[in-house]
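The residues making up each chain are set out below.
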Amino acid sequence: MSSEEPLAGSSVNSEEPLADSSMNSEEPLAGSSMNSEEPLAGSSMYPADHDEPVGTPAFTARPVAAEAAPDQAAPTTLSTAQDVPVERPVQVDTGVFDELTRQRAREIIARYPQSRSALLPLLHLVQSAEGYVSQAGISFCAELLELTTAEVSTVATFYTMFKRRPSGEHLVSVCTNTLCAALGGDEIYATLCKKLGVGHEETAGRPGSPGSITLEHAECLAACDLAPVLQVNYEFYDNQTPQSAVALVEALQRGERPAPTRGAPLTDWRNTELQLAGFFGEPQQLRDAVDGPSAAPETLAGNRLAEERGWQAPAMPDNPPPLPTVAEKK
Ligand code: FES
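Residues numbered from 1 in each chain as written. Predicted model: local features only at pLDDT ≥ 70, side-chain atom pairs only at ≥ 80, totals over all residues.

## Notes on the overall build of the chain
Turning to step 1, where the next piece is worked out: Of regular secondary structure, the chain possesses nine helices and seven strands.
Turning to step 2, where the next piece is worked out: By residue count, 37% of the 330 residues in the chain fall in the buried class.
Turning to step 3, where the next piece is worked out: For the chain, the proportion of contacts with a sequence separation of at least 24, taken over those separated by at least 6, is 69%. (Helix = DSSP H or I, 4+ residues; strand = E, 2+ residues; numbered from the N terminus. Buried ≥ 20, exposed ≤ 12 C-beta atoms within 10 Å, placed from the backbone. Contact = placed C-beta atoms within 7 Å.)

## Things to note about the sheet that holds strand β7 (residues 235–237)
By way of backbone hydrogen bonds, the strands of a sheet pair with one another, either parallel or antiparallel.
Turning to step 1, where the next piece is worked out: What the five strands build is an open sheet, ordered β4-β5-β3-β6-β7; its pairing is mixed. The sheet is open, and its two borders are formed by β4 (202–204) and β7, each paired with just one other strand. The average undirected angle you get between the axes of adjacent strands in this sheet is 30°.
Turning to step 2, where the next piece is worked out: Where strand β3 (residues 170–175) and strand β6 (residues 230–232) come together, three bridges link them in antiparallel fashion. What sits directly across from Val 174, in β6, is Leu 230.
Turning to step 3, where the next piece is worked out: Contacts from helix α5 (residues 178–196) reach β3, β4, β5 (213–218) and β6 within the one sheet, and its direction differs from that of β3 by about 145°. (Pairing = 2+ DSSP bridges. Axes fitted to C-alpha atoms, helices over the stretch in contact; angles between N-to-C directions.)

## A look at the packing of helix α1 (residues 99–110) against helix α2 (residues 119–130)
Turning to step 1, where the next piece is worked out: Between α1 and α2, the least distance of the axes is 10 Å, while the angle of their chain directions is 165°. Compared by their axis directions, α1 and α2 come out roughly antiparallel. Here the hand of the crossing between α1 and α2 comes out right-handed. Along the contact surface, α1 presents Thr 101, Arg 104, Ala 105 and Ile 108, while α2 presents Pro 121, Leu 122, Leu 125 and Ala 129.
Turning to step 2, where the next piece is worked out: Looking at the contact of α1 with α2 residue by residue, the classes come out as six nonpolar, one polar and one charged. (Parallel < 35°, antiparallel > 145°, perpendicular 65-115°, else oblique. Left-handed = near helix turned anticlockwise from the far one by under 90°. Nonpolar A, V, L, I, M, F, W, Y, C, P; charged D, E, K, R; others polar.)

## Quick notes on the nonpolar core
Turning to step 1, where the next piece is worked out: Grouped together as the largest cluster of nonpolar side chains are 30 residues, with contacts concentrated most on Val 172, Val 174, Leu 192, Leu 196, Val 229, Leu 230 and Val 249.
Turning to step 2, where the next piece is worked out: Among the secondary structure elements, those contributing two or more residues to this core are β3, α5, β5, β6, β7 and α6 (242–253).
Turning to step 3, where the next piece is worked out: By residue number, the principal contributor to this core is α5, which donates seven residues.
Turning to step 4, where the next piece is worked out: Here Val 229 is in contact with Cys 175, Cys 180, Leu 221, Ala 223, Phe 236, Tyr 237, Asp 238 and Gln 240, once residues within four sequence places are set aside.
Turning to step 5, where the next piece is worked out: Within the second largest apolar cluster, 29 residues are counted, among which are Val 92, Ile 108, Val 155 and Ala 277. (Core = buried A, V, L, I, M, F, W, Y, C linked by C-beta atoms within 7 Å.)

## Brief notes about the confidence of the model for the chain
When pLDDT drops low, the exact placement of atoms in the prediction is not to be read closely.
Turning to step 1, where the next piece is worked out: Residues of the chain with pLDDT of at least 70 account for 69%, and the chain-wide mean is 78.
Turning to step 2, where the next piece is worked out: Note that pLDDT drops below 50 for residues 1–82; the model gives that stretch 152 contacts with residues more than four away or on any other chain. (pLDDT = per-residue confidence, 0-100.)

## Notes on α2
Turning to step 1, where the next piece is worked out: The terminal C-alpha atoms of α2 lie 16 Å apart, and with twelve residues this matches the ideal 16 Å at 1.5 Å per residue to within 8%.
Turning to step 2, where the next piece is worked out: Taking burial as the measure, the twelve residues of α2 include twelve buried ones, the bulk of the element.
Turning to step 3, where the next piece is worked out: Among all positions in α2, only Leu 119, Leu 120, Pro 121, Leu 122, Leu 123, His 124, Leu 125, Val 126, Gln 127, Ser 128, Ala 129 and Glu 130 are buried.
Turning to step 4, where the next piece is worked out: The secondary structure elements touched by the buried residues of α2 are α1, α3 (135–145), α4 (149–156) and α7 (269–276).
Turning to step 5, where the next piece is worked out: One or two residues past the end of α2 sits Gly 131, with phi positive at roughly 85°. (Expected span 1.5 Å × (residues − 1).)

## Some thoughts on the environment of Pro 258
Turning to step 1, where the next piece is worked out: Relative to the helices and strands, Pro 258 resides in the loop between α6 and α7.
Turning to step 2, where the next piece is worked out: Exposure remark for Pro 258: the 14 C-beta atoms within 10 Å place this residue in the partly exposed category.
Turning to step 3, where the next piece is worked out: Residues contacting Pro 258, with those up to four places away along its chain left out, are Leu 248, Ala 251 and Leu 266.

Structure follows, in structure tokens:
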């Protein structure tokens, strides 16, 4: 599959609310145990012209779409004879997903004893095909997994890795969590906003076209020892400065793929999504993707010191003391 093709229906600011995710409050699907904080109202730390949220920056949760797109029929509820509300399925054409994508979807589903457990990789597959999770992508997953579109939407709108607008060839994620922010992450993000002329989850260039870049600020990327960090398509670029970040996005815009500091070689965002769905292409590509250096010297500094000085953690006792009792929840 080519990841270079322009995305169907792409437009930079085509905010496309997914099917109403507030309709169904059934329990979360497998793997959906992440942060469920309420959406924050915003941040004054970023340029005002980018329409950023204000308040404490905690960007993991995103607001739930309140309205369906005007050109899409919103799911509605019917009443049965017993007055039990049921969802009327949204009629959306899923023909945009070709046979190869459908074959891959079947392979994903076959990995799990319960088909609904395949939802997260299936959403990554949708993004590899379309560059975002469209309404058709929601229906595609719902049909294959025998879920409601509301159930799929609750998951797709919960995780920030699932995009609701067509994304660029590359996704640049700048960590603006505490440590990175204090060491320059905020400045890097503000610099890239200005350089690219976009704000959070906006795309410079036509989404999907060569050199297009979607920018986002991100929560802690688990590389605080190398702060400030950014990622391109989830690959790490450590110890960044505003200058190095600008040089990086300029290289991406020229079509270059600078090597990440560690990890797999850089590909484009849609191919990354395909990998996240579990498809790595040829065996050599798989090796390239997993054999990159993964630990930086800074990460191993404590371990190295301990080895040099002969430090060891105390051995676990054969009979560890019992855990304190916890009051039973009523
Ligand atoms: S705060 Fe940026 S990686 Fe942890």
